[in-house]
Every structure is written in C-alpha cells, then in structure tokens.
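# A closer look at the structure
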Amino acid sequence: MGAINNLDLQKWQEDTEGHFYELLKNSFPKLKAENKWKQTMWHINERIIVCLVFGKNQIKFCFFNNPILKLHKLQRWSQTIYSQNLEIENGNFIDWQYVEELINATINYDL
C-alpha cells in the first residue's frame, strides 16, 4: 500500500469508529465499554455484546455468544466466549442499520 492508500485506510477506520461510537451512544446508551483481550468490548449487565476490531485492510464487528447469527466467521475468544463476525473490506459500504439490528439481536438473545 502506498502512502495515500494508508491515509485513506486510516480515515476510513477513524470514520467507521466514530460512526460506531455514535450509534452506540444514541441507540444503545446502556452498553458500557470494557477493555478485554486488548479490545474495547461493549457489554450490558456483565455480558459482552459487541466489539469493533481493525485488521490490515478490513474491520470486523464481533457479536458475542449469539448462535442464531450466521455471519462471515466464528471466532473463539475463550473457552466459553465466541463471536460471530461481520467482516467488511476497506472502503466497502457499511450497512449501519444491519449493524444495529445485529446488536439488538445479540442484546435480546436469551442465553
């Protein structure tokens, strides 16, 4: 990647993170941030719901312990905690309404 592409990637990540935090603040004010596994995890009542992870050329939204979701990748975080991941390549459109629906589905899933 050249310098301009790196700047574009950085801006895309910053814009995505900002939009994600606004979504959480406005639509899910009860979710609280907690640092775990070198990531900011958003939880409610000590139950991890979602996190945003940046990769080299992508981002992934990780939705925790909700087996009804069938997303791009299943990821284990510990022996009892896993996530279904929505992976989005650099520059691709993010369907924020879909992200919001996935957060709602995860919050409302009864373990």
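In what follows, the structure referred to is the one given above.
Before going into details, it helps to say that this report is about the structure given with it. All of these numbers come straight from a predicted model, not from anything done at the bench. (Residues numbered from 1 in each chain as written. Predicted model: local features only at pLDDT ≥ 70, side-chain atom pairs only at ≥ 80, totals over all residues. Heavy atoms only, no water.)

### Considering the sheet that holds strand β2 (residues 39-44)
Sheet architecture is open: six strands sit in the order β1-β2-β3-β4-β6-β5, paired in antiparallel fashion. Of all the strands in the sheet, just β1 (32-36) and β5 (73-76) have a single pairing partner and so form its edges. On average, each strand axis in the sheet is tilted by 30° relative to the strand beside it, whichever way the strands run. In this sheet, strand β6 (residues 82-89) lies alongside strand β4 (residues 58-64) in antiparallel orientation, the contact comprising seven bridges. Each residue of the ladder has a partner; that of isoleucine 59, found in β6, is isoleucine 88. (Pairing = 2+ DSSP bridges. Helix = DSSP H or I, 4+ residues; strand = E, 2+ residues; numbered from the N terminus. Axes fitted to C-alpha atoms, helices over the stretch in contact; angles between N-to-C directions.)

### Here's the deal with the nonpolar core
Core analysis: the biggest nonpolar cluster contains 24 residues, and Phe20, Phe61, Phe63, Val99 and Ile103 have the highest contact counts within it. Elements supplying a minimum of two residues to this core: α1 (3-27), β2, β3 (47-54), β4, β6 and α2 (96-108). With five residues, the single largest contributor to this core is α1. Residues in contact with valine 99, not counting those within four places in the same chain, are Leu23, Phe61, Phe63, Leu86 and Ile94. Core analysis: the next-biggest nonpolar cluster, separate from the first, contains eight residues, Ile48, Cys62, Phe64 and Trp77 among them. (Core = buried A, V, L, I, M, F, W, Y, C linked by side-chain atoms within 4.5 Å. Buried < 20%, exposed > 50% of the residue type's maximum accessible area, 1.4 Å probe, protein only. Contact = heavy atoms within 4.5 Å.)

### Examining the pattern of salt bridges
Scanning the entire structure with this criterion turns up two salt bridges. Lysine 11 is the salt-bridge partner of aspartate 15, the closest N and O atoms lying 2.8 Å from each other. Residue aspartate 15 and its partner lysine 11 are located together in helix α1, separated by four residues, close to a single helical turn. A residue is classified by how much of its surface remains accessible, and aspartate 15, at 43% relative accessible area, is partly exposed. A relative accessible area of 48% means that lysine 11 is categorised as partly exposed. Close ionic contact of lysine 25 with glutamate 22 constitutes a salt bridge, the shortest N to O distance being 3.7 Å. Of this pair, lysine 25 and glutamate 22 both sit in helix α1, three residues apart, which is roughly one turn of the helix. With relative accessibility at 39%, the residue glutamate 22 sits in the partly exposed group. (Salt bridge = Lys/Arg side-chain N within 4 Å of Asp/Glu carboxyl O.)

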